[in-house]
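Chain by chain, the residues run as shown.
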Amino acid sequence: MPVEKTEVLVVGAGQAGIAMSEHLRAYGIKHVVLERSRIAERWRSCRWDSLVANGPAWHDRFPGLDFSEDGPDDFVPKERVADYLADYASVIEAPIRCGVEVKEVRRNVGRTGFEVETSEGMIEAEAVVAATGPFQIPVIPPLIPPSSDFLQIHSASYRNPEQLPEGAVMVVGAGSSGVQIAEELMRAGRKVYLSVGPHDRPPRSYRGRDFVWWLGVLNKWDAEATPGVEHTTIAVSGANGGHTVDFRRLAAEGMTLLGRTETCRDGVLRFAPDLAQNIARGDANYLSLLGEADAYVTRNGLDLPPEPEAHTFLPDPDCVTNPLLELDLKKAGIGTVIWATGFGVDYGWLKVEALDDAGRPRHQRGVSSEPGVYFLGLPWQTRRGSSFIWGVWHDAKYVADHIAKQRGYMAYKPARKDA
């Protein structure tokens, strides 16, 4: 059978793949987007039921389309985010094929381009864009034996409190996912223990502006990645209309905070003595942004009312001043441990020289070390905002520009010299 040919093959039809398609179309570059499930599948099936976007609708969107059912300051529920992405794909007429899995990509031998094996046959492409995003393999540290007498799940498998067996819940990881899940469980009447590691903790809003606005006017969204920064944990929430994450308030309402989880032996978890330090680091990050915002208001003469109460904190709870350094899970009545410990990547299908020894992309702003292979949708791919819908749109523009530029080089032919 004849082999299908295309100029660019995009793997993944989430926000990254859709953005990539829009910019390739603008250049008139023939392409196809392959998605093994549905458009924006991870928004639908790899998130808990009550999840909303962490940024307001006016900000966390593509430039060419507003959310039709939500106000500009709303935090959009996950299903409507997925519907929005599917609608956007339809508006731009993205050539997406769902239910097609990419099994292997290899460079052609002795000629340009790549051979792509899919679940529906072979495709040849001059360039390949891996737009599969950062949330590929849930990571659960091998601390607690899987045979233990309680449920262990990753945050990607959590859906709602009713899903869990009876008993207290231990949540490991206090980034946006961990803290939101822990708070939801506490509101549902569960006893919750939350392991808090180093984190940044921005205000949800300040002086009448959401923190996404402050990061914009202070040019923080355009901060470029520096070694280690891409792994910073951020504690922020759009749940229940959006509110600042406040660990002291959560503790005052009954949640037990713990330091960073280190080891487990004979059913006893042990924690680093770093809880107070981690809370203080989050406070410092929070106060630093307030200070920069205040200075910006003064410098520009903005009519934004002061908010002095935002600078004050509740007293440190007992679990911070007298931290637990170990917890017997059985004696504490733990029925579930939820690991909000992030994700790994799986590019096993990419059989080209584009990955380091740990299997992570080798790239500069999405342009990989393997000519013709590109990455899109990575955290801090070019800047702090790369993980957001609007941020990946700008990253996709850069990648499309590079593809178009290389296309021009390959099309060049020297002028014919007369004999």
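Located above this text is the structure these notes cover.
Computed from a predicted model, the values in this text were never measured in an experiment.

Colleague: Before we go on, may I ask you to explain the overall build of the protein in this structure?
Modeller: Looking only at helices and strands, the protein has nine helices and 21 strands in total. Against the globule reference of 22 Å for 419 residues, the protein gives a C-alpha radius of gyration of 24 Å, in line with a compact fold. If you line up the protein on its principal axes, its C-alpha atoms span 90 × 60 × 40 Å. For the protein, the proportion of its 419 residues judged to be buried stands at 49%.

Colleague: Got a minute to help me understand the packing of helix H1 (residues 15-26) against helix H3 (residues 78-91) in this structure?
Modeller: Each pair of packed helices can be summarised by the angle the axes make with each other and by the distance between the axes. Taken N-terminus to C-terminus, the directions of H1 and H3 make an angle of 20°; their axes are 10 Å apart at the nearest point. As far as their axial angle goes, H3 and H1 are roughly parallel. H1 and H3 meet at a crossing whose hand is left-handed. Seen from H1, the contacting residues are Gln15, Ile18 and Glu22; seen from H3, they are Leu85, Tyr88 and Ala89. Across the contact of H1 with H3, the residue classes break down as four nonpolar, one polar and one charged.

Colleague: Would you explain the nonpolar core in this entry?
Modeller: Nonpolar side chains in soluble globular proteins generally cluster together in the buried interior. The biggest cluster of nonpolar side chains holds 69 residues, and the ones touching the most others in it are Met20, Phe62, Leu194, Phe247 and Leu257. Excluding anything up to four places from it in sequence, Met20 contacts Val10, Val129, Leu376, Ala396, Val399, Ala400 and Ile403. Core analysis: the second largest hydrophobic core is formed by 22 residues, Val100, Val116, Val352 and Phe375 among them.

Colleague: Teacher, can you tell me more about the layout of surface pockets here?
Modeller: By rolling a water-sized probe across the atoms, one finds the places where empty space is left. In this model, the second largest pocket occupies a volume close to 390 Å³. Lining the second largest pocket we find 20 residues, and of these Glu126, Ala127, Gly372, Gln406 and Met410 sit closest to its centre. Breaking the lining of the second largest pocket down by element, the ones donating at least two residues are strand E1 (4-11), strand E6 (121-130), strand E20 (367-368), strand E21 (373-375) and helix H9 (389-411). With five residues, H9 is the single largest residue contributor to the lining of the second largest pocket.

Colleague: It is not clear to me how the packing of H1 against H9 should be interpreted in this structure. Could you clarify?
Modeller: Interhelical geometry of H1 versus H9 gives an angle of 45° and a closest axis separation of 8 Å. With respect to H9, the element H1 is oriented oblique. Both H1 and H9 take part in a crossing whose hand is right-handed. The residues of H9 that touch H1, namely those facing Gln15, Ala16, Ala19, Met20, Glu22, His23 and Leu24, are Ile389, Val392, Trp393, Ala396, Lys397, Val399, Ala400 and Ile403. Of the residues in the contact of H1 with H9, the class split is eleven nonpolar, two polar and two charged.

Colleague: So what exactly am I meant to see when it comes to the pairing of strand E14 (residues 261-265) here?
Modeller: Sheet faces and side chains relate simply in a regular strand, where the side chains alternate between the two faces. Taken together, the four bridges between E14 and strand E15 (residues 268-271) define a ladder with antiparallel strand orientation. Residue pairing in the sheet places Thr261 in a bridge with Phe271 of E15. Counted along the chain from E14 to the antiparallel partner E15, the turn is two residues long, and its residue Asp266 has a positive phi close to 55°.

Colleague: So what exactly am I meant to see when it comes to the sheet that holds strand E13 (residues 256-258) here?
Modeller: Whether parallel or antiparallel, the strands of a sheet pair through hydrogen bonds between backbone atoms. Taken together, five strands build an open sheet; the order of strands is E8-E17-E9-E10-E13 and the sheet is parallel. Both outer strands of the open sheet, strand E8 (151-154) and E13, are each paired with one neighbouring strand and no more. Averaged over all pairs of adjacent strands, the angle between strand axes in this sheet comes to 20°, irrespective of strand direction. Sheet topology note: the strand E9 (residues 168-172)/strand E17 (residues 334-339) ladder contains five bridges and is parallel. Note that in E17 the partner of Val172 across the bridge is Trp339.

Colleague: Please clarify how the environment of Ala40 should be interpreted in this entry.
Modeller: Residue placement: Ala40 occurs in the loop between strand E2 (31-35) and helix H2 (41-45). Residue Ala40 is classed as buried on the basis of its relative accessible area, which comes to 4%. Along the chain, Ala40 and Ile18 lie 22 residues apart, while their C-alpha atoms are 9.3 Å from each other. The contact partners of Ala40, leaving out residues within four places of it in the chain, are Ala13, Gly14, Ala82 and Leu85.

Colleague: For this particular structure, what's the right way to read the side chain of Thr382?
Modeller: Within the element layout of this structure, Thr382 appears in the loop between E21 and H9. Within the structure, the side chain of Thr382 is placed 3.1 Å from the side chain of Arg383, a separation counted as a polar contact. Contact partners of Thr382, with chain neighbours within four places excluded, come to Glu224, Ala225, Arg365 and Asp395.

Colleague: Would you mind showing me how to read the packing of aromatic side chains here?
Modeller: How two aromatic rings sit relative to each other is given by the distance of their centres and the angle of their planes. Counted under the stated rule, the structure contains 15 aromatic pairs. Relative to Trp390, the ring of Phe388 lies with its centre 6.4 Å away and its plane at 35°, an arrangement referred to as tilted. Here Phe388 matches Trp390 in class, with each residue buried. A connected cluster of aromatic rings, assembled from ring pairs, spans Phe62, Phe67, Tyr84 and Tyr88. Taking NZ or CZ as reference, Arg47 lies 5.4 Å from the ring centre of Trp43, over its face.

Procedures and definitions
Residues numbered from 1 in each chain as written. Predicted model: local features only at pLDDT ≥ 70, side-chain atom pairs only at ≥ 80, totals over all residues. Heavy atoms only, no water. Helix = DSSP H or I, 4+ residues; strand = E, 2+ residues; numbered from the N terminus. Rg over C-alpha atoms; globule rule 2.2 N^0.38 Å. Buried < 20%, exposed > 50% of the residue type's maximum accessible area, 1.4 Å probe, protein only. Axes fitted to C-alpha atoms, helices over the stretch in contact; angles between N-to-C directions. Parallel < 35°, antiparallel > 145°, perpendicular 65-115°, else oblique. Left-handed = near helix turned anticlockwise from the far one by under 90°. Contact = heavy atoms within 4.5 Å. Nonpolar A, V, L, I, M, F, W, Y, C, P; charged D, E, K, R; others polar. Core = buried A, V, L, I, M, F, W, Y, C linked by side-chain atoms within 4.5 Å. 1 Å grid on protein atoms, 1.4 Å probe; cavity = no way out; pocket = protein on both sides within 12 Å on 5 of 7 lines; lining within 4 Å. Points joined across faces, edges and corners; volume = space filled by probe spheres on them. Pairing = 2+ DSSP bridges. Polar contact = N/O pair within 3.5 Å; in protein donor to acceptor, adjacent residues only side chain to side chain. Phe/Tyr/Trp six-rings, centres within 6.5 Å; stacked < 30°, edge-to-face > 60°. Lys NZ or Arg CZ within 6 Å of the ring centre and 35° of its normal.

All quantities given are derived from atomic positions and should not be read as evidence of function.
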